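What the coordinates show
Chain by chain, the residues:
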Amino acid sequence: MHFVVRGGKPLRGEVKLAGSKNGATNLMVATLLTDEPCTLHNFPAIGDTAITGELCEKIGSTIQVRDGVATLHTPTIKQSRVTELSRRNRIPILAMGPLLARAGEAEVPILGGDKIGPRPVDFHLDALRALGAEVEINKESYFARAPQGLTGAVIDLPFPSVGATETSILAGVLAKGETVILNAALEPEIISMVKMLQNMGAIIELGANRDIYIEGVSKLRGVVHEVISDRNEAVSFACLAIATGGEIFVRGAMQDHLITFLNVVRRLGAEYKIISGGITFTRPGLLKAISVKTGTYPGFMTDWQQPLAVLLTQTNGTSRIHETIWEDRFAYAEDLRALGANIQVSMECPSGKECRFAGKGFKHVAEIQGPAELKGDGKALRVRDLRSGMINIIAALVSKGETKIEGVEEIDRGYERIDERLRALGADITRVS
Ligand code: EPU
C-alpha cells in the first residue's frame, strides 16, 4: 500500500487528536491486573492497539471495541507463556508484571519495534529481579517466575526509562509491601496509567525527584478511564500548519503535555493560541533557526524531533537537533535530503553540552540549513518506521509536486485514518492499495 501526495499548499481547518498510542497500549496491559471488566474511552483504532489486543487475547482477555470505546475483560489468565506473537511492537514485556502477579510466571518474546537504537530491556528485567522474580533470558524469549508472588523493593533505574518505569509500576502494585522506584520517568502516558491504577484500587504516590512509592494491595477492581490525547499527533499537526504556512486548530491538544514544544514554537517565530478544547497553530512571518535537545518529560520529547526537522528546513539559518534518548534516530535525514533538504548528521555533541552518547560513535546530532525548497518531483520514499513515516507525509505535504510514500501500513500502526484527516485540512493525499 502507498500514498500519493501532492504538496506545497497551506493546510487549514480543524483536526481532532486521536487517543495516544503509547498512552493506550500501556493501559491495555494494566487491565490484565484485574479479573473485572475495564473500559477505555477515546481508544485509538490503530495497528498498535490491535497488536496489543492480540497479546491480551492470548493471555485470556475478551475485547470489544466500538465507536472509540474498548472493553477488556480478563477473568482468568489462560496463558502466561505467550511466545507466539507477531513481535511488531515492544509492549509484551510490560505484561510480565501482571502475569507474574496473577499466574506466578511469565514468558514473552524477545521484542520487535522500530530500529532506532539497540533498545535493551535490562532495566525491566532488573526491576523484576529486584521484586523477587527469577529471570531467564532465552534465545527467543524472556522467562520469569515468582511462585510465591512478588515482594516490594527499591528499584533504582539507571535512566528514567518510560517502559521500565511502567514495568516497575505494573509489577509493584500487586507485590507484597512497599515498592520504591527511583529515577522514574513521569511522561503523561505514565501519569495517566497511575491515575487509572489508583482508580482500580492501587496505592501509588508520586514523590519529589522522580520517586514513585507504591503500597502493594492484594486485588484490583475494574475501571472506566479515558485515554489521553496523542501529543505526538499534536506536534505533527502543529508542524504541518507552521511549515505549510497554514492555520490548524488541533482539538484535544493539551498545554500541560506540550509546554516545552510551545516554547519552541514561540522561539521559532511561529504562533499558537490556546483556547477552550485545543490549540491553534499559525505562522505569522519568517521563521528563525533554533537549537533543540531531546530529553525525558518534561523535556522536548524524542518522538517530536522528526516533524520538527521538516519544519526546521523552512527556517532562516542553521538549526540543530541534539538527540539524547535514542542512539540512531536520524535515518530519515536521507529522505529529507532526497526532497532537497540540507541536513547533516554527526556524532559530536555540541561543545559544552555533552550527553550520555558523547564519544560513543552514535550519529545523534543533526544540523539543518534553511530555508530549503522541498520538491517531490515524483520521487518515492520508503517508510522506515512509524515516526519517520509520518515525517515522510509531512515533508511530502511541504514539498512542491508529487511524492510517493511506500509501506504505509507502518504509519497505520500509530496514526488513525491519517490520510482522511489530512484531506479534511485540504491535503492532496491518496491511498493506493
Ligand atoms: N533503556 C535501556 N534499558 C532498558 C530500557 C531502556 O538501556 O531496559 C534505554 C533505551 O535504550 C533508551 C532509553 O533508555 O536509550 C529510553 O528508553 P525508554 O525505555 O524510555 O523507551 P521505551 O519505553 O522503549 C517509549 C515509547 C517511545 C519513546 C520513548 C521515549 C512506548 C511504547 N514507546 O519507549 O515511543 O520514544 O518511550 O519517550 O511507549 C514511538 O512511539 O515511536 C516510540 C518509539
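Just so it is clear, the structure is predicted and the values come from calculations on it, not from any experiment. (Residues numbered from 1 in each chain as written. Predicted model: local features only at pLDDT ≥ 70, side-chain atom pairs only at ≥ 80, totals over all residues. Heavy atoms only, no water.)

1. Overview of the site of the ligand
Around the ligand there are 22 residues in total, and Asp122, Ser161, Val162, Asp303 and Ile325 lie nearest to it. A distance of 3.3 Å is found between an oxygen atom of the ligand and a side-chain nitrogen or oxygen belonging to arginine 119. Aspartate 303 places a polar side-chain atom, nitrogen or oxygen, 2.7 Å from an oxygen atom of the ligand. Coverage of the ligand by the protein amounts to 91% of the 830 Å² it exposes when considered alone. If you list the elements that add at least two residues to the shell around the ligand, you get helix 4 (122-130) and helix 5 (162-172). Considering only residue class, the shell around the ligand consists of nine nonpolar, five polar and eight charged. (Near = heavy atom within 4 Å. Polar contact = N/O pair within 3.5 Å; in protein donor to acceptor, adjacent residues only side chain to side chain. Areas by Shrake-Rupley, 256 points an atom, 1.4 Å probe, with all protein chains shown as cover. Helix = DSSP H or I, 4+ residues; strand = E, 2+ residues; numbered from the N terminus. Nonpolar A, V, L, I, M, F, W, Y, C, P; charged D, E, K, R; others polar.)

2. A closer look at the packing of aromatic side chains
Scanning all chains against the criterion turns up six aromatic pairs. Taken together, a centroid distance of 5.9 Å and an interplanar angle of 65° make the contact between phenylalanine 261 and tryptophan 304 edge-to-face. Here phenylalanine 261, found in helix 8 (residues 255-268), pairs with tryptophan 304, found in the loop between strand 17 (291-293) and helix 9 (305-312); they are 43 residues apart in sequence, far enough to count as distant. For phenylalanine 261, a relative accessible area of 1% corresponds to the buried category. (Phe/Tyr/Trp six-rings, centres within 6.5 Å; stacked < 30°, edge-to-face > 60°. Buried < 20%, exposed > 50% of the residue type's maximum accessible area, 1.4 Å probe, protein only.)

3. Here's the deal with the sheet that holds strand 1 (residues 2-7)
Strand order in the open sheet made by the four strands is 21-22-1-23, with mixed pairing throughout. Each edge of the open sheet is held by one strand with a lone partner, namely strand 21 (379-382) and strand 23 (428-432). The mean inter-strand angle of the sheet, taken between neighbouring strand axes irrespective of direction, is 20°. With five bridges connecting them, strand 1 and strand 23 associate as antiparallel partners. Bridge pairing in strand 23 links valine 5 to isoleucine 429. Strands strand 1, strand 21, strand 22 (401-406) and strand 23 of the sheet are contacted by helix 11 (residues 386-398), whose axis makes an angle of about 30° with strand 1. (Pairing = 2+ DSSP bridges. Axes fitted to C-alpha atoms, helices over the stretch in contact; angles between N-to-C directions. Contact = heavy atoms within 4.5 Å.)

4. Quick notes on the nonpolar core
If you look at the biggest cluster of nonpolar residues, it comprises 70 residues, and the most contacted ones within it are Phe281, Ile393 and Leu422. If sequence neighbours within four positions are ignored, leucine 422 has contacts with Phe237, Leu240, Ile393, Leu397, Ala427 and Ile429. (Core = buried A, V, L, I, M, F, W, Y, C linked by side-chain atoms within 4.5 Å.)

5. Describing the sheet that holds strand 17
Sheets are built from strands that pair by backbone hydrogen bonding, the pairs being arranged parallel or antiparallel. The mixed open sheet is built from four strands, whose spatial order is 17-18-20-19. Edge positions in the open sheet fall to strand 17 and strand 19 (342-346), since each of these has one partner strand only. For this sheet, the mean inter-axis angle between neighbouring strands, taken without regard to orientation, is 15°. In this sheet, strand 20 (residues 365-370) lies alongside strand 19 in antiparallel orientation, the contact comprising five bridges. By the bridge assignment for strand 20, glutamine 344 is matched with glutamate 367. With respect to the sheet, helix 9 is in contact with strand 17, strand 18 (317-322) and strand 20, its orientation differing from that of strand 18 by roughly 170°.

6. Let's talk about the domain arrangement of the protein
The domain boundaries assigned to the protein delineate domain 1 (2-18 + 229-432) and domain 2 (21-226). Averaged C-alpha coordinates put domain 1 and domain 2 at centres separated by 30 Å. Taken together, the 25 residues of domain 1 in the interface contact 24 residues of domain 2. Around 2000 Å² of area is buried between domain 1 and domain 2 when both sides are counted, 50% of it from carbon and sulfur atoms. Of all residues in domain 1, Tyr297, Trp326 and Arg413 bury the most surface against domain 2, accounting for 31% of the area lost on that side. (Domains from an automatic or database assignment. Buried area = accessible area lost by both parts, 1.4 Å probe.)

7. Here we look at helix 6 (residues 188-200)
Over its 13 residues, helix 6 runs 18 Å from end to end, which matches the ideal 18 Å to within 8%, given 1.5 Å per residue. Of the positions making up helix 6, those classed as buried are Pro188, Glu189, Ile190, Ser192, Met193, Val194, Met196, Leu197 and Met200. Two residues or fewer after helix 6 comes glycine 201, characterised by a positive phi angle close to 115°. (Expected span 1.5 Å × (residues − 1).)

8. Quick word on unusual backbone geometry
Here the residue pair tyrosine 297 and proline 298 is connected by a cis peptide bond, since its omega of 10° sits within 30 degrees of zero. Tracing the sequence through the fold places proline 298 in the loop between strand 17 and helix 9. Of note, the bond from glycine 370 into proline 371 is cis; its omega dihedral lies within 30 degrees of zero at 0°. Along the polypeptide, proline 371 turns up in the loop between strand 20 and strand 21. With a phi angle near 55°, asparagine 209 is a residue other than glycine that sits in the positive phi range. Relative to the helices and strands, asparagine 209 is located in the loop between strand 11 (203-206) and strand 12 (212-215). A residue is classified by how much of its surface remains accessible, and asparagine 209, at 69% relative accessible area, is exposed.

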